[in-house]
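Remarks on the overall topology
Each chain is listed here by its residues.
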Number of protein chains: 2
Amino acid sequence: MRILVLGGDGYLGWPSALHLSARGHDVGIADNFVRRAYDLELGVESLVPIASPTERIRVWRELTDREIALFHGDLTDAAFTHRMVEEFRPDAVVHFAEQRSAPYSMIDQHHAVYTQHNNVVGTLNLLYAIADINPDIHLVKLGTMGEYGTPNIDIEEGWIDITHKGRTDRVLYPKRPGSFYHLSKVHDSHNIEFACRIWGLRATDLNQGVVYGQETDETSLDTRLATRFDYDAVFGTVLNRMAIQAVLGEPLTVYGQGGQVRGFINLVDTVECIRISCENPADQGEFRVFNQFTEQMSVRDIAETVCRVYPGRCRVEMIDNPRVEAEDHYYRAAHTGLLELGLMPHLLSDTLLGSMFGIIDRHRDRVNLDALLPEVRWRKTAANLVSGR
Amino acid sequence: MRILVLGGDGYLGWPSALHLSARGHDVGIADNFVRRAYDLELGVESLVPIASPTERIRVWRELTDREIALFHGDLTDAAFTHRMVEEFRPDAVVHFAEQRSAPYSMIDQHHAVYTQHNNVVGTLNLLYAIADINPDIHLVKLGTMGEYGTPNIDIEEGWIDITHKGRTDRVLYPKRPGSFYHLSKVHDSHNIEFACRIWGLRATDLNQGVVYGQETDETSLDTRLATRFDYDAVFGTVLNRMAIQAVLGEPLTVYGQGGQVRGFINLVDTVECIRISCENPADQGEFRVFNQFTEQMSVRDIAETVCRVYPGRCRVEMIDNPRVEAEDHYYRAAHTGLLELGLMPHLLSDTLLGSMFGIIDRHRDRVNLDALLPEVRWRKTAANLVSGR
C-alpha cells in the first residue's frame, strides 16, 4: 500500500513510518518540524539524540534500500495539504500531525488557541483534500483515551448503544476530556464522523493510551534511526518520565494521590496497531473507533512498578496535582477491536523496563532536572496571559 | 445588571439588546459587522432595510433615554476581547457572535474552516477573558438544536443519565450535528463545559430552535430600530423564507420529503429567553443547558401552515434535498428549563403570520428571486474548492 504518515518526524510518527516501510509499504512522511521547535521554546530536548529528518531517511535507505518520501509543510496550509495528497496518491493517511501535549495546551491562552486551531483546522483541511481527490483513501487518525475522561460507566470503543425511555440508539460515546488539547481531539472526532457521513469517507479513529518505550525493531538498527524520548513535564509521558527519574536518583513524582487510572501501550505495539489499521481499512462511510492500549493501571501502580524493577534506590513522591482531574474513580475501558485484528500485546514487563534503564543511563548527562517538575497549572489563567510561561 | 451582547448587530442580537435595555439593564453590544459583509459576499440583503449600528443606538437613546455602549471588534482578537470585558465589567455576557448559517459553512473548504475557526477561537478567547477578569460573569451562549441531530431516543437538555452494564452516570448528551457550522457549536459546548469544570465559570448554553418572526415590542417602535429579515437560501430560516415565497407567489420549497422535524421559536420568545437566562444565572461551575424552542413541527407542516394562512394562491414544491439529513425520523426534544423559569410561549398562530405577510408585502420590491433557491450542496466538495461558489 501507499501510506502517508503525517507528523512522521515525531516520537510515534517516525517509528510508525519505519515499521510500515519495513513491512513493504511505500511510505511518505510529512512534517512541519514544529515538534523540534517546541523543544527550543521550552528549553528541553529529547533524552536520546535524534538525527535530522533527511539523515534519518538517508540512513534507512542505506540500510534497507527502501525510499521514504518527505513532504515539508503544514496541514493548516490548505494548498500544501491538497497538493501533497494529490502528488503522493496514498491508499491510507496516518495522521499524527497534531500538537499532542495536554500541559502545552494549558500553558496559557495563546497555547490553548494554537492547539485547537492547529489540530482542528489541519484535520479539516485533510478531510477536504481526501474528499476532493479520492474519497476512497483510508484516514487513520490518532486520538487519545483522554478524550473520554473518567466516566462512571464502562468506556466503549467510540460508540455506545443507549436505551433511554424505552427507545434505543447507537450514538457517539459521550466524552468529557480534561484539557484543551484533549478537547481538540474530541472536536476532530466529531468532524471526521460527519465527513464519513456526508462524503462516504472511511476513517479509523485510534484513541491511544499513554505510550511508553523508546525502541522498535526498526529504530534500533542504527542510533541515527532513534526516535525522540521526552522526559520533561510538558511532553514526557508518565512512564517514560518516571523511568528517567529512577535512573537519575530523583523521586518519582506522582500527581495528587496517583489513583488516576489510564490505559498504557508499549511503543512496539503502537507501530503494530498502525500497521494493522492500515492493512484492514474501515468500510466506505464508516467511522471506526479503536481504543489503542493494552493494559490499564493507576499512576501510583506505574510508579511502584518502576521502583520495584529499578536495580537501585528509588522513592515515590506525591506532589500537588497541577491538573484538574479525579484521583479516585471507576475506570474500565474496552479495547478488543485491535486484538480481534491480530494485535499481539507486549505488556509492561521487567525486561522492557530494564532496557529502558540502559538507554537512559547512556544519556543521563543530557537531562535538565528543572524540566522534570510541572509548571503548568490547569486552574491558573491570568498570570499566564500577562507574562507568558 | 450590566449585560454585554456579543453579535449585538445581528438578527437576534439587536432585538435582544433592545429588550434587555427596555427591561432596565445596562447594555453594551459588540460586533465586527461581518454579518453585513456576508450580504455583500452573497449578493443579497435583508428584506427589511436596517439602519447602521450607530443610528440604531442613537434612535433608541432618543426614544427611551437609554444608552447602549458599542464595541467594534472581533472575538478572535484576544486583546480586543480581553479589553472589552475589562472595560464594560459585565455581570452577564450574551454570546451571539458566531457565523450562524449551516449552508454558509458548507459552501466550500474555506467557509468551513472560517466558520470553525471564527466560532471556536472567538469563544475560547471569551472564556479566557472571563476567567482572567472575573470568573463570576455569567456566560449565556447561543447554541442550536441542530447540534443534537436526529437521534432515535428523546433529546434531553444538554445532559443525559445513562445506565450501561449496570452502572449509571450523568453525561453530556451525545451529539451528531449536520454541518460544519453545527459542529462548531458542539465544539464550543465541550470547551465551555471544560471551562466551568476547571475555572468554576457559570455558563448557560441555549440550544435554540429555528427562529421566525421579524418584530418585537422594542424594534417596532421605529422603522430605524428594525432587525434584519433574511429570506435567502443561505441565511434565511425556513419559516421566514416560506412566508416570503408565499407573498411573492413563488412555490414554497421543501427540501426532500419535508419530514425533517425541528424545534421552532418566535422571535419575541427568543428575546424573553435571553432576559430570563440572564436574570437567573447558572451556579458557579455549572454548565447549564436549555433547549430554546417552544414547539416542534416538520418542515412539511410549516409549509402547509403558511399555505393555509396565506390569503392568496399558494403551492408547495418538493425539491432535491441539498443537505445530508434524515427526512423521516423520530424526534422528541425536552424544553422545560425555560418554561420553569417563567417563559410564556407565543406559539405559531395565524395572527403572527398575518403581520409577517404585511411586512413582507411592503418590501417585496427588494427581493432577489435567485437567492431563494439552494446552491450549496452538502455532498459536493471539489468544484467548490477550485472555483469558489
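First, a word on what this report is: a plain description of the structure on this page.

About the cut-offs
- Residues numbered from 1 in each chain as written.
- Chains lettered and ligands numbered in written order.
- Predicted model: local features only at pLDDT ≥ 70, side-chain atom pairs only at ≥ 80, totals over all residues.
- Helix = DSSP H or I, 4+ residues; strand = E, 2+ residues; numbered from the N terminus.
- Rg over C-alpha atoms; globule rule 2.2 N^0.38 Å.
- Buried ≥ 20, exposed ≤ 12 C-beta atoms within 10 Å, placed from the backbone.
- Contact = placed C-beta atoms within 7 Å.
- Least-squares fit on C-alpha atoms with pLDDT ≥ 70 in both.
- Pairing = 2+ DSSP bridges.
- Axes fitted to C-alpha atoms, helices over the stretch in contact; angles between N-to-C directions.
- Nonpolar A, V, L, I, M, F, W, Y, C, P; charged D, E, K, R; others polar.

Quick look at the overall build of chain A
Counting its regular elements, chain A contains 13 helices and 14 strands. Against the compact-globule benchmark of 21 Å for 389 residues, chain A has a radius of gyration of 20 Å, which places it among compact chains. The C-alpha extent of chain A, read off along each of the three principal axes, is 65 × 55 × 45 Å. Relative to its full complement of 389 residues, chain A shows a buried share of 57%. Taking contacts inside chain A between residues at least 6 apart in sequence as the whole, the part at least 24 apart equals 84%.

A word on the relation of the copies chain B and chain A
Two copies of one chain are present, and they are related through a rotation about an axis combined with an axial shift. With an RMSD of 0.0 Å, chain B superimposes on chain A once it is rotated by 180 degrees and translated 0.0 Å along the axis. The operation mapping one copy onto its partner corresponds to a two-fold rotation axis. The overlap is high: 100% of the interface residues of chain B also sit at the interface in chain A, so the same surface is used on both sides.

Some details on the sheet that holds strand β13 (residues 295-298) of chain A
Residue and element names in this part refer to chain A. Judged by pairing direction, the sheet is mixed, and its 3 strands sit side by side in the order β9-β11-β13 without closing on themselves. Lying at the two open borders of the sheet, with one neighbouring strand each, are β9 (210-212) and β13. Neighbour to neighbour, the strand axes of the sheet diverge by 45 degrees on average, direction disregarded. Bridging between β9 and strand β11 (residues 261-266) involves 3 bridges; their strand directions are parallel. Each residue of the ladder has a partner; that of V210, found in β11, is F264. Set on the sheet, helix α9 (residues 267-279) makes contact with β9 and β11; between it and β11 the angle comes to about 80 degrees.

A word on the sheet that holds strand β13 (residues 295-298) of chain B
All names here are of chain B. The strand order across the open sheet formed by 3 strands is β9-β11-β13, and the pairing between neighbours is mixed. Edge positions in the sheet fall to β9 (210-212) and β13, since each of these pairs with one other strand and no more. Between one strand axis and the next, the sheet turns by 45 degrees as a mean value, whatever way the strands run. As defined by bridge partners, strand β11 (residues 261-266) adjoins β13 across 4 bridges and the pair is classed as antiparallel. Each bridged residue has a counterpart across the sheet, and for G263 the counterpart in β13 is Q296. The strands touched by helix α9 (residues 267-279) are β9 and β11; relative to β11, the strand with the most contacts, the crossing angle is about 80 degrees.

Re the interface of chain B and chain A
Counting residues at the interface gives 44 residues for chain B and 44 residues for chain A. For the side of chain B that touches chain A, the elements supplying multiple residues, two or more each, are α6 (109-133), β6 (159-164), β7 (167-172), α7 (180-199) and α13 (382-387) of chain B. The leading source of residues in the side of chain B that touches chain A is α6 of chain B, at 12 residues. Split by residue class, the side of chain B that touches chain A holds 25 nonpolar, 11 polar and 8 charged.

Topic: the environment of A333 of chain A
Residue and element names in this part refer to chain A. Inspection of the secondary structure assignment puts A333 in the loop between β14 (316-319) and α11 (337-340). On the basis of neighbour count, A333 is assigned to the buried category, with 20 C-beta atoms found within 10 Å. For the pair A333 and D154, spaced 179 residues apart in sequence, the C-alpha to C-alpha distance is 5.8 Å. Not counting residues up to four positions away in its chain, the partners in contact with A333 are M145, I155, G263, N291 and Q296.

Examining unusual backbone geometry
Residue and element names in this part refer to chain B. Look at F33: it is not a glycine, yet its phi comes out positive at around 65 degrees. Although it is not a glycine, D65 adopts a positive phi angle of roughly 65 degrees. When you line up the elements, D65 lands in the loop between α3 (53-64) and β3 (68-72).

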